[in-house]
Amino acid sequence: MGNHRTVRTSVVAVTVALLATTALAGCSADDGAGAAPSTSRTPSAAAAAADPEQATPEPMDMDQDDSAAATCGQVSALETVAHNAHVGLSRGELTQAQFDALAASVRFGFEHLTSTDVKVSPALDSAQRYLEEHPGPTIDDSGADWELRVRTITTACTESGSNVVVSAQYGG
């Protein structure tokens, strides 16, 4: 097995060799000319230690946008879903269950809309009061009452500089 002096010398030699290899590998990795670009989107531990900005991303502003433009854009999306669901059902391209699921999503969307715009907010309040007075999984949009509320929201959006637009999937 050898004496302690040769074993100690061997351990020291191996340790020195590992440190030298690590140092040389670190030097070659720092050389931008020969290094392949990293495809990882997650910073490595070494990069995080070298640049703390990479380790901790900037916090995102998660505040809800209650502007007229944002709210009216959501109304456009909800009205697009409602319109296309009705047409899809009448053409036989949607089942009743699919239609009901889309209609429930539209109702949920209208129930949760908010706006800080002085014209849009009262129109939303009126529509949401109507929905509270007419509970159910979907909106009965066959009558003039709901249509009036949607037109009131649309008018308020237009007056605030944000049009409500429906993108029809069917027709031309």
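What you are looking at is a predicted structure, and each value in this text was computed from that prediction instead of being measured.

Student: What should I look at first to understand the packing of aromatic side chains in this one?
Tutor: Pairs of aromatic rings are described using the distance from one ring centre to the other and the angle between the two planes. In the structure shown here, the tally under the stated rule is two aromatic pairs. For the ring pair Tyr 130 and Trp 146, a centre distance of 5.6 Å and an interplane angle of 35° mean the geometry is tilted. Of the two residues, Tyr 130 sits in helix α6 (residues 120-133) while Trp 146 sits in helix α7 (residues 144-159), which places them 16 residues apart along the sequence. Assessed through its relative accessible area of 3%, Trp 146 is described here as buried.

Student: Just checking my understanding: could you explain the state of the cysteines for this structure?
Tutor: By definition, a disulfide links the sulfur atoms of two cysteines through a covalent bond. One pass over the full model with this rule turns up one disulfide. For Cys 72, the disulfide goes to Cys 157, at an S-S distance of 1.9 Å. In this structure the cystine formed by Cys 72 and Cys 157 twists about its S-S bond by roughly -90°; its chirality is therefore left-handed. With Cys 72 in helix α4 (residues 68-90) and Cys 157 in helix α7, this pair connects stretches of sequence that are 85 residues apart. According to the relative accessible area criterion, Cys 157 is buried, its value standing at 0%.

Student: So what exactly am I meant to see when it comes to the side chain of Thr 71 here?
Tutor: Here Thr 71 lies in helix α4. What makes Thr 71 buried here is its relative accessible area of 1%. Setting aside anything within four residues of it in sequence, one finds Thr 71 in contact with Asp 66, Leu 113, Thr 114, Ser 115, Val 120 and Leu 124.

Student: Teacher, can you tell me more about the packing of α4 against helix α5 (residues 96-111) here?
Tutor: Where α4 meets α5, the closest approach of the two axes is 9 Å, and the angle between their N-to-C directions is 160°. When the interaxial angle is binned, α4 and α5 end up roughly antiparallel. α4 and α5 meet at a crossing whose hand is left-handed. Residues Val 75, Leu 78, Glu 79, Val 81, Ala 82, Ala 85, His 86 and Leu 89 of α4 pack against Gln 96, Phe 99, Leu 102, Ser 105, Val 106, Gly 109 and Phe 110 of α5. For the contact of α4 with α5, a count of residues per class yields 10 nonpolar, four polar and one charged.

Student: I tried to follow the packing of α6 against α7 on my own but got confused; where do I start?
Tutor: When two helices pack together, their arrangement is given by the angle between their axes and by how far apart the axes lie. Across the interface, α6 lies against α7 with an axial gap of 8 Å and an inter-helix angle of 165°. Relative to α7, the element α6 lies roughly antiparallel. Taken as a pair, α6 and α7 cross one another with a handedness that is left-handed. Within the contact between the two elements, α6 uses Val 120, Ala 123, Leu 124, Ser 126, Ala 127, Tyr 130 and Leu 131 and α7 uses Asp 145, Trp 146, Arg 149, Thr 152, Ile 153, Ala 156 and Cys 157. Residue composition of the contact of α6 with α7, by class: 10 nonpolar, two polar and two charged.

Cut-offs used in this document
Residues numbered from 1 in each chain as written. Predicted model: local features only at pLDDT ≥ 70, side-chain atom pairs only at ≥ 80, totals over all residues. Heavy atoms only, no water. Phe/Tyr/Trp six-rings, centres within 6.5 Å; stacked < 30°, edge-to-face > 60°. Helix = DSSP H or I, 4+ residues; strand = E, 2+ residues; numbered from the N terminus. Buried < 20%, exposed > 50% of the residue type's maximum accessible area, 1.4 Å probe, protein only. Disulfide = S-S within 2.5 Å. Contact = heavy atoms within 4.5 Å. Axes fitted to C-alpha atoms, helices over the stretch in contact; angles between N-to-C directions. Parallel < 35°, antiparallel > 145°, perpendicular 65-115°, else oblique. Left-handed = near helix turned anticlockwise from the far one by under 90°. Nonpolar A, V, L, I, M, F, W, Y, C, P; charged D, E, K, R; others polar.

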